[in-house]
Amino acid sequence: MKTEKNILIAFLLNLLFSIIEFIGGAITNSFAIISDSIHDMGDAMSIGVSFFLERKSTKSPDNKYTYGYIRYSVLGSIITTFILLGGSVLVIYNAIGRLVNPVEINYNGMIGFAVLGVSINFLAAYFTKEGDSLNQKSVNLHMLEDVLGWVVVLAGAIIMRFTDIKIIDPILSIGVAIFILINSLKTLKEVVDLFLEKTPNNIDIEEIKEHLLEIKGVIDVHHIHIRSIDGFNNYATMHIVVDGDYKQIKDKIKEELEEHGIAHTTIEFEGKDEKCKSEKCEVKKSSNSHHHHHHH
């Protein structure tokens, strides 16, 4: 699988590099480099985690995980996010100390490392640009951030080399850390939405309802539940009151839903004179429907 190989390459590159980089930061005495190395280390770990969980997440559904293992991929992004949150807080905390008492920095070494950083991370970003799972997207985003982080460090190192304003270094590292912090919180929100079964952002239930009611033979649509498993695959369940041959209607409904990006649907049909078991059709008293698993 292409995704896996790329993730592995990126993982090894990053891990190796973040270690070299940490040593480099210590030698040149640059906190910006150390903060970047924490960032890279977090990314490397996240890629490692996502590599193993991505493999698990592609397993086929079975009796224990009837929806498949896709959520494991999401779990990977949670773990990563917490690693990065912790790392960025540490960096900010330590950099504030440096703002108060600046230290001598080896600018030439710092410039060298930054050049190396830009090139290695550029390669890693290049390797991971394909892929469309939430995981791969987040991995690639990390890679691009790393490139950017290094460009910033490089610029800072060059400015300090000519002006000797030492305070630029901790300021940069705090900047990088705040950036990591904000992004991690964004990812966290996406993940929380998934676990709360929030209707996916690109789905408008009212609009879908209108479209379904336009299908000939559909009298009413209720109990619509649409959830996303991983941010990309959407599942829907609903009750449809029909008048007429439901087989044709079913095909039309599936087609309509696929246009809205919903590939998996479980539909319960009711005749027009059949009372929906829960008088007002409230979700909490929902009738027990027989859910069939659809194989594609």
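Since we're looking at a predicted model, the values are computed, not measured. (Residues numbered from 1 in each chain as written. Predicted model: local features only at pLDDT ≥ 70, side-chain atom pairs only at ≥ 80, totals over all residues. Heavy atoms only, no water.)

**Here we look at the overall build of the protein**
Helix and strand content of the protein: eight helices and three strands. Each of the 296 residues in the protein was classed as buried or not, and the buried ones make up 46%. Contacts in the protein between residues at least 24 apart in sequence constitute 72% of all its contacts with a sequence separation of at least 6. Surface exposure of the protein reaches about 15900 Å², of which carbon and sulfur atoms provide 63%. (Helix = DSSP H or I, 4+ residues; strand = E, 2+ residues; numbered from the N terminus. Buried < 20%, exposed > 50% of the residue type's maximum accessible area, 1.4 Å probe, protein only. Contact = heavy atoms within 4.5 Å. Areas by Shrake-Rupley, 256 points an atom, 1.4 Å probe, with all protein chains shown as cover.)

**What to know about a nonpolar patch on the surface**
Taken together, the side chains of Leu16, Ile20 and Leu116 define a hydrophobic patch exposed on the protein surface, amounting to about 250 Å² of accessible area. Mapping Ile20 onto the fold places it in helix α1 (residues 2-28). Accessibility expressed as a relative area gives 37% for Ile20, which makes it partly exposed. (Patch = residues over 30% accessible without salt bridge, like charges linked within 9 Å, V, L, I, M, F, W, Y side chains within 5 Å. Salt bridge = Lys/Arg side-chain N within 4 Å of Asp/Glu carboxyl O.)

**Structural notes on the nonpolar core**
Counting 18 residues, the largest nonpolar core has Leu212, Met238, Ile240 and Ile253 as the members making the most contacts within it. Taken together, the elements giving at least two residues each to this core come down to α7 (205-213), β1 (218-228), β2 (234-242), α8 (246-259) and β3 (262-271). Filtering out sequence-adjacent residues up to four positions away, Leu212 remains in contact with Val218, Val221, Met238, Ile253, Glu256 and Leu257. Ranked by size, the runner-up nonpolar core spans 16 residues in total, among them Ile105, Met110, Ala114 and Val153. (Core = buried A, V, L, I, M, F, W, Y, C linked by side-chain atoms within 4.5 Å.)

**Some remarks on the environment of Ile105**
Of note, Ile105 is situated in the loop between α3 (71-100) and α4 (107-127). For the pair Ile105 and Met160, spaced 55 residues apart in the sequence, the C-alpha separation amounts to 9.0 Å. Those residues within four positions of Ile105 in sequence are excluded, and the remaining contacts are Thr28, Asn29, Ser30, Met110, Met160, Lys166 and Asp169.

**Observations concerning the environment of Gly271**
In this structure, Gly271 sits in strand β3. Sequence separation between Gly271 and Ile240 is 31 residues; the distance between their C-alpha atoms is 8.6 Å. Among all residues touching Gly271, those that are not within four sequence positions of it are Val241 and Val242.

**Observations concerning the packing of α7 against α8**
Viewed as axis vectors pointing N to C, α7 and α8 meet at an angle of 150°, and their least axial separation amounts to 10 Å. Compared by their axis directions, α7 and α8 come out roughly antiparallel. When you trace α7 past α8, the crossing you get is right-handed. Of the residues in α8, those in contact with Ile208, His211 and Leu212 of α7 are Ile253, Glu256 and Leu257. (Axes fitted to C-alpha atoms, helices over the stretch in contact; angles between N-to-C directions. Parallel < 35°, antiparallel > 145°, perpendicular 65-115°, else oblique. Left-handed = near helix turned anticlockwise from the far one by under 90°.)

**A closer look at the environment of Phe51**
With respect to the helices and strands, the residue Phe51 is situated in helix α2 (residues 31-57). We classify Phe51 as buried; its relative accessible area is 7%. The spatial distance from the C-alpha of Phe51 to the C-alpha of Ser73 is 8.9 Å, given a sequence separation of 22 residues.

**What about unusual backbone geometry?**
Even without a glycine there, the phi angle at Asp164 is positive, about 60°. Tracing the chain through its elements places Asp164 in the loop between α5 (134-163) and α6 (168-195). At His223, a residue that is not glycine, the phi angle is positive and equals roughly 55°. The residue His223 is located in strand β1 in this model. Residue class for His223 comes out buried when judged on its relative accessible area of 7%.

**A look at the pairing of β1**
Every regular strand shows the same layout, with side chains that alternate between the two sheet faces. Across the 11 residues of β1, eight count as buried, placing the element largely inside the fold. Relative to β2, β1 runs antiparallel, the two being bridged by eight bridges. Residue pairing in the sheet places His222 in a bridge with His239 of β2. In this antiparallel pair of consecutive strands, β1 and β2, the connection spans five residues, and Gly231 shows a positive phi of 95°. (Pairing = 2+ DSSP bridges.)

**Notes on the pattern of salt bridges**
Counting across every chain of the model gives four salt bridges. Its salt-bridge partner being Lys166, residue Asp164 comes within 3.7 Å of it at the nearest N-O pair. For Asp164, a relative accessible area of 41% translates into the label partly exposed. It is possible to trace a salt-bridge network through shared partners that takes in Lys189, Asp193 and Lys198.

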